[in-house]
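Here's the letter readout for the chains.
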Amino acid sequence: MLFLRLLAVFVGLLGIAVGLLWVAQGTGILSWPNGSLMLDDRGWAIRGAVMTAVGAILLWLARRGNETNNNHL
C-alpha cells in the first residue's frame, strides 16, 4: 500500500504542475513555448483547471489514507 500512496502523491503533484501550466498557457499568462497551440485558448485553461483539481484530489486521497492507517496502529 505504501507504493500506491507514493504513486498517488507523485501523480497528484505531476497533475497539479501540468494543470497549472495549462491554465497559465490557456489564459495567456505564460507564453511559452512560442509556437504552442495552447496559448490564449480558453479550452486549455479549463482542461488545466480540471487536471489541477484531479491532482489535488489524488493528493488528498493519498494523505487521507496515511491518516486512516495511523489511527489504527
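The text that follows walks through the structure, step by step, so that each part is easy to find. No experiment lies behind these values; they were computed from the predicted model shown.

1. Thoughts on the side chain of Gln25
Then step 1. Along the chain, Gln25 falls in helix α1 (residues 2-27).
Then step 2. Judged by relative accessible area, which is 3%, Gln25 ranks as buried.
Then step 3. Setting aside residues up to four positions removed in sequence, Gln25 forms contacts with Leu30, Trp32, Pro33, Ser36, Met38, Leu39 and Asp40.

2. Quick notes on the packing of aromatic side chains
Then step 1. On inspection of all chains with the given rule, the structure shows one aromatic pair.
Then step 2. Note on Trp22 and Trp44: the rings are 5.3 Å apart at their centroids and 70° apart in plane angle, and the pair reads as edge-to-face. Linking Trp22 in helix α1 with Trp44 in helix α2 (residues 42-71), this pair joins segments that are 22 residues apart in sequence.
Then step 3. Of note, Arg47 hangs over the ring of Trp44, and the distance from its end group to the ring centre comes to 4.7 Å.

3. Quick notes on the environment of Val54
Then step 1. Within the secondary structure layout, Val54 lies in helix α2.
Then step 2. Residue classification places Val54 among the partly exposed positions, given a relative accessible area of 43%.
Then step 3. Expressed as a C-alpha distance, the spacing of Val54 and Val11, which sit 43 residues apart in the sequence, is 9.7 Å.

4. Here's the deal with the environment of Val23
Then step 1. Tracing the backbone shows Val23 in helix α1.
Then step 2. When the C-alpha positions of Val23 and Thr52 are compared, they lie 8.9 Å apart, and in sequence the two are 29 residues distant.
Then step 3. Apart from residues lying up to four places away in sequence, Val23 is in contact with Trp44, Ala45, Gly48 and Ala49.

Reading guide: rules and limits
- Residues numbered from 1 in each chain as written.
- Predicted model: local features only at pLDDT ≥ 70, side-chain atom pairs only at ≥ 80, totals over all residues.
- Heavy atoms only, no water.
- Helix = DSSP H or I, 4+ residues; strand = E, 2+ residues; numbered from the N terminus.
- Buried < 20%, exposed > 50% of the residue type's maximum accessible area, 1.4 Å probe, protein only.
- Contact = heavy atoms within 4.5 Å.
- Phe/Tyr/Trp six-rings, centres within 6.5 Å; stacked < 30°, edge-to-face > 60°.
- Lys NZ or Arg CZ within 6 Å of the ring centre and 35° of its normal.

Function-wise, these values are silent; they only describe arrangement.
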